[in-house]
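Summary of structural features
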Amino acid sequence: MAGAAVTSLSALKSAYRTHGWCEPPYRFSGEAVELIRDRVLAMSRERRPEVVHKQDSGIARAIHGCHAFDEVCAALVRLPYLVALAEEFLGGPAYVYQFKVNLKQAHEGAAWPWHQDFAFWHEEDGMPRPDAVNIAISLDDVHEGNGPLMAIPGSHRLGLLDLPVGRAENDAESDWRTHVSADLAYTVNGHRAENLIREKGRKLFLGPRGSLQVFHPSVVHSSTNNPSPDRRALLLITYNAVDNAPAHPTRPAFLVSRDTTPVVSRADERLGLVAV
């Protein structure tokens, strides 16, 4: 059984290196998803810096750093399978660099433009290398109509694209709010993205609630508006290699964790996985 698990992780790592993403053969159980959804709903109603609201609205758009103040989220980042994925892909000990939930509300969820996560982490935080990994958990059923995540396969091998020219490091005008709103500070040119799609295709991350996806911090990705009656909530855990931690991060701790202690696995029977 242990050998099969290692082979499975190895195959996923190979796909991840080739495409910039992979889909593990598990999803969270219905009970686990309901527990997480309940916690997200409660947190979205709180007024705290970690909860980002839609402009001129009381509607929550995202929640950041949840693992630092919610015990279910804290248990989630320690799940043995997720930790094993992170350590396999990163080649060693990992810590939680970011934890967030993106809430694309029904009928009004805004699009995210084409971008690369590593652009923010490298330019704003000083992360040396893209030796981090995003693990995404769908908290709602995701279909083509409710703004799914889209990625361009192989784009993670192109380096950082379309970075602003002449921006000084830690520019005083830089505001972390432009890193978590639809008006992103670092984007990939739309024409470039279209050309890449013609060359490489695109991947839509679809599936039932509880689905797992893993994607590279340099892969070019985006999502569309959500005109449908169905919410699309996506929980994202970013694990970073311990030896890749930024030396002097300046953004808030709920965006860039200061605790680089390696995550230690701990099973939690409330957060079960089932094979797909």
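Described in the following lines is the structure provided in the data block. (Residues numbered from 1 in each chain as written. Predicted model: local features only at pLDDT ≥ 70, side-chain atom pairs only at ≥ 80, totals over all residues. Heavy atoms only, no water.)

1. Digging into the overall build of the protein chain
Counting its secondary structure elements, the protein chain contains six helices and 13 strands. Going through the 276 residues of the protein chain one by one, you find that 50% of them count as buried. Sequence-distant contacts, at least 24 apart, represent 85% of the contacts inside the protein chain between residues at least 6 apart. Here the protein chain displays about 12,400 Å² of accessible surface, and carbon together with sulfur accounts for 51% of that area. (Helix = DSSP H or I, 4+ residues; strand = E, 2+ residues; numbered from the N terminus. Buried < 20%, exposed > 50% of the residue type's maximum accessible area, 1.4 Å probe, protein only. Contact = heavy atoms within 4.5 Å. Areas by Shrake-Rupley, 256 points an atom, 1.4 Å probe, with all protein chains shown as cover.)

2. What about the sheet that holds strand β1 (residues 21-22)?
One open sheet holds the seven strands; their spatial order is β1-β10-β7-β12-β5-β4-β3, and the pairing between them is antiparallel. Edge positions in the sheet fall to β1 and β3 (51-53), since each has one partner strand and no second. (Pairing = 2+ DSSP bridges.)

3. Some points on the environment of Ala275
By the secondary structure assignment, Ala275 is in strand β13 (residues 273-275). C-alpha of Ala275 to C-alpha of Tyr26: the two residues are 249 residues apart in sequence and 4.4 Å apart in space. Dropping the residues within four chain positions of it, Ala275 is found in contact with Pro25 and Tyr26.

4. Some details on the environment of Phe99
Mapped onto the elements, Phe99 comes out in strand β5 (residues 94-104). Exposure remark for Phe99: the relative accessible area of 1% places this residue in the buried category. For the pair Phe99 and Val256, spaced 157 residues apart in sequence, the C-alpha separation works out to 9.0 Å. Among residues more than four places away in sequence, those in contact with Phe99 are Ile63, His64, Gly65, Cys66, His67, Cys73, Leu76, Val77, Leu235, Leu236 and Ile237.

5. Details of the packing of aromatic side chains
Using the criterion set out here, one finds six aromatic pairs in the structure. On the numbers, 6.0 Å between centres and 90 degrees between planes, the contact of Trp21 with Phe205 is edge-to-face. On the criterion of sequence distance, the pair formed by Trp21 in strand β1 and Phe205 in the loop between β9 (203-204) and β10 (212-215) is long-range, its members being 184 residues apart. Geometrically, the ring pair formed by Tyr97 and Trp121 is edge-to-face, given 5.3 Å between the ring centres and 70 degrees between the ring planes. On the criterion of sequence distance, the pair formed by Tyr97 in strand β5 and Trp121 in helix α5 (residues 117-125) is long-range, its members being 24 residues apart. The exposure class of Trp121 is buried, given its relative accessible area of 3%. Among the aromatic residues, those joined into a cluster by ring pairs are Trp21, Phe205 and Phe215. (Phe/Tyr/Trp six-rings, centres within 6.5 Å; stacked < 30°, edge-to-face > 60°.)

6. Points about the sheet that holds β9
The sheet built from four strands is open, its strands ordered β6-β11-β8-β9 with antiparallel pairing. A single partner strand is all that each edge strand has here, and the edge strands are β6 (112-115) and β9.

7. Some words on the pairing of β5
Across the 11 residues of β5, 11 count as buried, placing the element largely inside the fold. Sheet topology places strand β4 (residues 60-64) next to β5; three bridges connect them, and they run antiparallel. Following the sheet pairing, His64 is matched in β5 by Lys100. When β5 meets strand β12 (residues 232-241), the two strands line up antiparallel, connected through 10 bridges. Its bridge partner being in β12, Leu103 is matched across the sheet by Ala233.

8. Here's the deal with the state of the cysteines
For the structure on display, the rule yields zero disulfides. The thiol of Cys66 is unpaired, and the distance to the nearest cysteine sulfur, on Cys73, comes to 4.8 Å. For Cys66, a relative accessible area of 0% gives the class buried. (Disulfide = S-S within 2.5 Å.)

As far as function goes, none of this settles anything; it's purely spatial.
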